[in-house]
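# Summary of structural features
The residues making up each chain are set out below.
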Amino acid sequence: MGEEWGYEFEIKPDGSFHIDDVVDGSYVLTVTWYSAAESGARASVLGIGGLSHRFTMPGDKLESDDEGLDLGELEVQITTVPQDDSVDTE
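Residues numbered from 1 in each chain as written. Predicted model: local features only at pLDDT ≥ 70, side-chain atom pairs only at ≥ 80, totals over all residues. Heavy atoms only, no water.

## Overview of the overall build of the protein chain
Definition in use: Strands are runs of DSSP state E lasting at least 2 residues, helices are runs of H or I lasting at least 4, and numbering of each runs from the N terminus. Exposure classes here rest on a 1.4 Å probe applied to the protein chains alone. A residue is buried below 20% of its type maximum, exposed above 50%, and partly exposed in between. When checking whether two residues touch, look at their non-hydrogen atoms; a contact exists if any pair is within 4.5 Å. Areas reported here follow the Shrake-Rupley algorithm with a probe of radius 1.4 Å; residue values treat only the protein chains shown as occluding.
Assigned secondary structure in the protein chain consists of zero helices and three strands. Mapped in sequence order, the helices and strands of the protein chain form the string β-β-β. Expressed as a percentage of its 90 residues, the buried residues of the protein chain come to 12%. Residue pairs at least 24 apart in sequence account for 47% of intrachain contacts in the protein chain once pairs closer than 6 positions are excluded. With an accessible surface of roughly 7,800 Å², the protein chain has 45% of that area assigned to carbon and sulfur atoms.

Laid out in structure tokens, this is it:
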């Protein structure tokens, strides 16, 4: 089993994201969507969907530093629909 790398990133409202300084190699991008719901005096978090996507970061330099690697369109699979209006599933 190879080394494990972890990268944190934010997903923009248009669904795009950018991760700086990813070393070359094979990866699995795993994203989990959560819904926070308040229940009485405590808050709970519910995993409502996600995706898993395998890709390879090339070892050779991309054409430009700003170009990045386009993973194409990735679709989140909704597994649980929240019982409130806190998450837009459209």
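## A closer look at the packing of aromatic side chains
Operational definition: Stacked, tilted and edge-to-face pairs are distinguished by plane angle, under 30 degrees for stacked and over 60 for edge-to-face with tilted covering the rest, among Phe, Tyr and Trp rings (Trp via its six-membered ring) whose centres lie within 6.5 Å.
Applying the stated criterion across every chain yields a total of three aromatic pairs. Residues Tyr-27 and Phe-55 carry aromatic rings whose centres are separated by 5.4 Å and whose planes lie at 15° to one another, so their mutual orientation is stacked. Here Tyr-27 is found in strand β1 (residues 25-39), whereas its partner Phe-55 is found in strand β2 (residues 42-57), with 28 residues between them in sequence. According to the relative accessible area criterion, Tyr-27 is buried, its value standing at 12%. A network of ring pairs unites the aromatic residues Tyr-7, Tyr-27 and Phe-55 as a single cluster.

## Examining the nonpolar core
Using the following cut-off: In this text, buried Ala, Val, Leu, Ile, Met, Phe, Trp, Tyr and Cys residues form a nonpolar core when linked through side-chain atoms within 4.5 Å.
Counting residues in hydrophobic clusters, the biggest one holds six residues: Tyr-27, Leu-29, Val-31, Leu-51, Phe-55 and Met-57. When residues of this core are traced back to their parent elements, those giving at least two are β1 and β2.

## Some details on the environment of Ser-52
The topology assignment puts Ser-52 in strand β2. Separated by 23 residues in the primary sequence, Ser-52 and Glu-75 place their C-alpha atoms 9.3 Å from one another. Ignoring anything within four residues of it in the chain, the contact list for Ser-52 reads Val-28, Leu-29 and Thr-30.

## Some thoughts on unusual backbone geometry
The backbone of Asp-21 shows a phi angle near 55°, a positive value even though the residue is not glycine. Tracing the backbone through its elements, the reader meets Asp-21 in the segment before β1.

## Quick notes on the environment of Met-57
Topologically, Met-57 is positioned in strand β2. Placed 32 residues apart in sequence, Met-57 and Gly-25 show a C-alpha to C-alpha distance of 5.2 Å.

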